[in-house]
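What follows is each chain in one-letter form.
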Amino acid sequence: MIKRVSSKELKVGMYIHDLGADWSQHPFMRSAFPIKSEKEIETIIKCAIPEVYIDTDRGLDVPDAPTQEEVQTALQAEMIAIAESEPAPRIRISTAEEMGRARAIKSQAANLVRNVMQDARLGKAVNMEAVEPVVAGITESILRNSGALIGLMHIKNKDDYTFLHSVSVCTFMVAFCRSVGLDAETTRQAGLGGLLHDTGKALVPDSILNKPGRLTDEEFDIVRRHPRDGYEILLKTPGVGPIPLDITLHHHERVDGSGYPDKQAADQISTLAKMCAIVDVYDAITADRCYHKGMPPTDALRKIFEWSKFHFEPDLVKAFMRCVGIYPVGTLVLLESGRLGLVTEHNEESLLQPKVKVIFDTKKGYLPPTEIDLAKPSGKTGADKIVSHESPSKWKIDTQRFL
């Protein structure tokens, strides 16, 4: 049985099922392993991981701890209530109409970040004249239809992860700022911060960034230097304002003071840095890496919501969930009819009744792709309901083919 326990309750002989933290927060090779020493427990506590999940069938038990199912049921109910509390962002054009432009913007932005990283390795300043138009293009795409580019952001090549992660964070930051009503200039600056936030990783050796095994303490310290390194690089770049500098330096701070590099807490952290912390972790845990399998977007949102009582600003986490939806564009969902569909667009009236492209029948196999609107009461293009979200790998479905 899987249970959630406080890290202070851990003992040698227990089996960690899930560390309950994003990969950047700990040096362990895997999130599941048997606890064989007190040093491992000390490392978990030192990494400010307050709660973990244990497997009582493979190790010692904590009798009164809540089960994973109980925790997830409660979290899901809260998330649904949040999704029902406000309408989805307004869409100017359909996802299908925006998708072609969104693909081009994604490719252009990834190439730009690659060049920024190369320049940083060579000690050159960031070329802001090249960065500004890319952020403008991302912003314009989000204003037309946020779902198209956001949906594409879940598709990453493992080899290009570092570059595409920065594009994703920029995209989510722009959408997030827009959804909470921030002005255009603040949104632009936040987008710049998102695109440049990991510039310091240019100074981290690829052998460490892509290491499939557990990081040594020295390697982990090198990784944790990247916010300060990126800040120092951007300080030498003409035209970089205080918002991108702050986001770059503080996107790994946590509201409980457990983050880095300055161990800021609560109101010491700017709102935009808090927003970037949420976005950064969300994108990281949904992506496939050499050392972990990315989780479905809905599961990632539930994890971040669970962690918000320690690491993130709860109200901002709720706002982010309303921004991307409980079932973000690109999520594979199981319908009551037994069909599988890909979320393509949110309905402004309800985040729980998106538009879906039906592509698969769980009993018959692939179907001709058909668009249905779950908000419609009846007919062939409506009158179905989401039962759950699904992992594409479970059904061996390449969702990229259908976006």
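Small disclaimer: the values here were computed from a predicted structure and weren't measured.

A. Inspection of the overall build of the protein at higher detail. Secondary structure assignment for the protein yields 15 helices and nine strands. The C-alpha atoms of the protein give 21 Å as radius of gyration, which agrees with the globular expectation for 403 residues (22 Å, within 12%). Counting only C-alpha atoms, the protein reaches 60 × 60 × 35 Å along its principal axes. Taking all 403 residues of the protein together, 58% fall into the buried category. For the protein, long-range pairs separated by at least 24 residues make up 67% of all intrachain contacts whose partners lie at least 6 apart in sequence. Carbon and sulfur atoms make up 51% of the accessible area of the protein, which amounts to about 17300 Å² in all. Side chains of the protein give 50 positive and 56 negative charges; the mean places of these two sets differ by 4 Å.

B. Quick look at the pattern of salt bridges. All chains considered together, the criterion is met by 18 salt bridges. Note that Lys309 is salt-bridged to Glu51, the shortest N-O span being 3.2 Å. Of the two residues, Lys309 is situated in the loop between helix H13 (297-307) and helix H14 (314-324) and Glu51 in strand E4 (residues 51-55); the sequence distance between them amounts to 258 residues. In this structure Lys309 comes out as partly exposed when scored by relative accessible area, which is 45%.

C. Quick look at the packing of aromatic side chains. According to the stated counting rule, one finds eight aromatic pairs in the structure shown. On the basis of an interplanar angle of 50 degrees and a centroid distance of 5.2 Å, the ring pair of Phe176 and Phe320 is categorised as tilted. Linking Phe176 in helix H6 (residues 161-179) with Phe320 in helix H14, this pair joins segments that are 144 residues apart in sequence. For the residue pair Phe176 and Phe320, the accessibility class agrees, reading buried in each case. A connected cluster of aromatic rings, assembled from ring pairs, spans Phe172, Phe176, Tyr282 and Phe320. Over the face of the ring belonging to Tyr15 we find Arg58, whose NZ or CZ atom lies 4.1 Å from the ring centre. If you follow Arg401 out to its NZ or CZ, it ends over the ring of Tyr366, 5.5 Å from the centre.

D. Structural context of the side chain of Lys106. Note that Lys106 resides in helix H3 (residues 95-121). Excluding anything up to four places from it in sequence, Lys106 contacts Leu149, Leu152, Met153, Ile155 and Leu164.

E. Examining the nonpolar core more closely. Membership of the largest hydrophobic core comes to 94 residues, with the highest contact counts inside it found for Val131, Ile138, Met173, Leu195, Ile304 and Phe320. At eleven residues, the largest contribution of residues to this core is made by H6. Among the nonpolar cores identified, the runner-up in size contains 23 residues, and Met14, Ile41, Ile44 and Ile49 belong to it.

F. Looking closely at the pairing of strand E1 (residues 2-6). E1 sits mainly inside the fold: four of its five residues count as buried. Where E1 lies against E4, five bridges are found, and the strand directions are antiparallel. Its bridge partner lying in E4, Val5 is registered against Val52.

G. Representation of the packing of helix H10 (residues 226-235) against helix H11 (residues 242-250) within the structure. As a packed pair, H10 and H11 sit with axes 7 Å apart at the nearest point and diverge in direction by 160 degrees. Between H10 and H11, the crossing angle belongs to the class labelled roughly antiparallel. Seen from H10, the contacting residues are Pro227, Arg228, Gly230, Tyr231, Leu234 and Leu235; seen from H11, they are Pro244, Leu245, Thr248 and Leu249. Looking at the contact of H10 with H11 residue by residue, the classes come out as seven nonpolar, two polar and one charged.

H. Quick peek at unusual backbone geometry. Note that the residue after Tyr260, namely Pro261, is joined by a cis bond; omega there is 10 degrees. Within the secondary structure, Pro261 sits in the loop between H11 and helix H12 (271-286). The phi dihedral of Ala48 falls on the positive side, at around 60 degrees, and the residue is not glycine. With respect to the secondary-structure elements, Ala48 resides in the loop between helix H1 (38-46) and E4. With a phi angle near 55 degrees, Lys396 is a residue other than glycine that sits in the positive phi range. Structurally, Lys396 is set in the segment after helix H15 (392-395).

I. Representation of the sheet that holds strand E8 (residues 365-373) in the model. Read from one edge of the open sheet, five strands run E8-E7-E6-E5-E9, paired in antiparallel fashion. Unpaired on one side and paired on the other, E8 and strand E9 (386-390) mark the two borders of the sheet. This sheet shows a mean twist of 40 degrees between the axes of neighbouring strands, independent of strand direction.

J. Focus on H3. Its 27 residues place the ends of H3 37 Å apart at the C-alpha level, agreeing with the 39 Å of an ideal helix rising 1.5 Å per residue. Of all the bends in H3, the greatest measures close to 30 degrees and is centred on Arg101. Once H3 ends, the next one or two residues include Gly123, with phi positive near 80 degrees.

K. How the structure looks around the sheet that holds E1. The strand order across the open sheet formed by four strands is E1-E4-E2-E3, and the pairing between neighbours is antiparallel. Two strands lie at the open edges of the sheet, namely E1 and strand E3 (33-34), each paired on one side alone.

L. Structural context of the layout of surface pockets. By volume, the largest pocket is sized at about 720 Å³. Around the largest pocket, the lining is made up of 35 residues, and of these Asp18, Ser31, His292, Lys293 and Met295 lie nearest the centre. Mapped by element, the contributors of at least two residues to the lining of the largest pocket are strand E2 (15-18), helix H2 (68-85), helix H8 (206-209) and H13. Among the elements that take part in the lining of the largest pocket, H13 stands out by supplying five residues, more than any other.

M. Inspection of the packing of H6 against H14 at higher detail. Where H6 meets H14, the closest approach of the two axes is 9 Å, and the angle between their N-to-C directions is 105 degrees. Of the possible angle classes, the one that applies to H6 and H14 is roughly perpendicular. Only Leu316, Ala319, Phe320, Cys323 and Val324 of H14 make contact with H6, whose side of the interface consists of Phe172, Ala175, Phe176 and Ser179.

Parameters at a glance
Residues numbered from 1 in each chain as written. Predicted model: local features only at pLDDT ≥ 70, side-chain atom pairs only at ≥ 80, totals over all residues. Heavy atoms only, no water. Helix = DSSP H or I, 4+ residues; strand = E, 2+ residues; numbered from the N terminus. Rg over C-alpha atoms; globule rule 2.2 N^0.38 Å. Buried < 20%, exposed > 50% of the residue type's maximum accessible area, 1.4 Å probe, protein only. Contact = heavy atoms within 4.5 Å. Areas by Shrake-Rupley, 256 points an atom, 1.4 Å probe, with all protein chains shown as cover. Lys, Arg positive; Asp, Glu negative; His and termini not counted. Charge placed at Lys NZ, Arg CZ, Asp CG, Glu CD. Salt bridge = Lys/Arg side-chain N within 4 Å of Asp/Glu carboxyl O. Phe/Tyr/Trp six-rings, centres within 6.5 Å; stacked < 30°, edge-to-face > 60°. Lys NZ or Arg CZ within 6 Å of the ring centre and 35° of its normal. Core = buried A, V, L, I, M, F, W, Y, C linked by side-chain atoms within 4.5 Å. Pairing = 2+ DSSP bridges. Axes fitted to C-alpha atoms, helices over the stretch in contact; angles between N-to-C directions. Parallel < 35°, antiparallel > 145°, perpendicular 65-115°, else oblique. Nonpolar A, V, L, I, M, F, W, Y, C, P; charged D, E, K, R; others polar. Expected span 1.5 Å × (residues − 1). Bend = angle between axes of the 7 residues up to and from the residue. 1 Å grid on protein atoms, 1.4 Å probe; cavity = no way out; pocket = protein on both sides within 12 Å on 5 of 7 lines; lining within 4 Å. Points joined across faces, edges and corners; volume = space filled by probe spheres on them.

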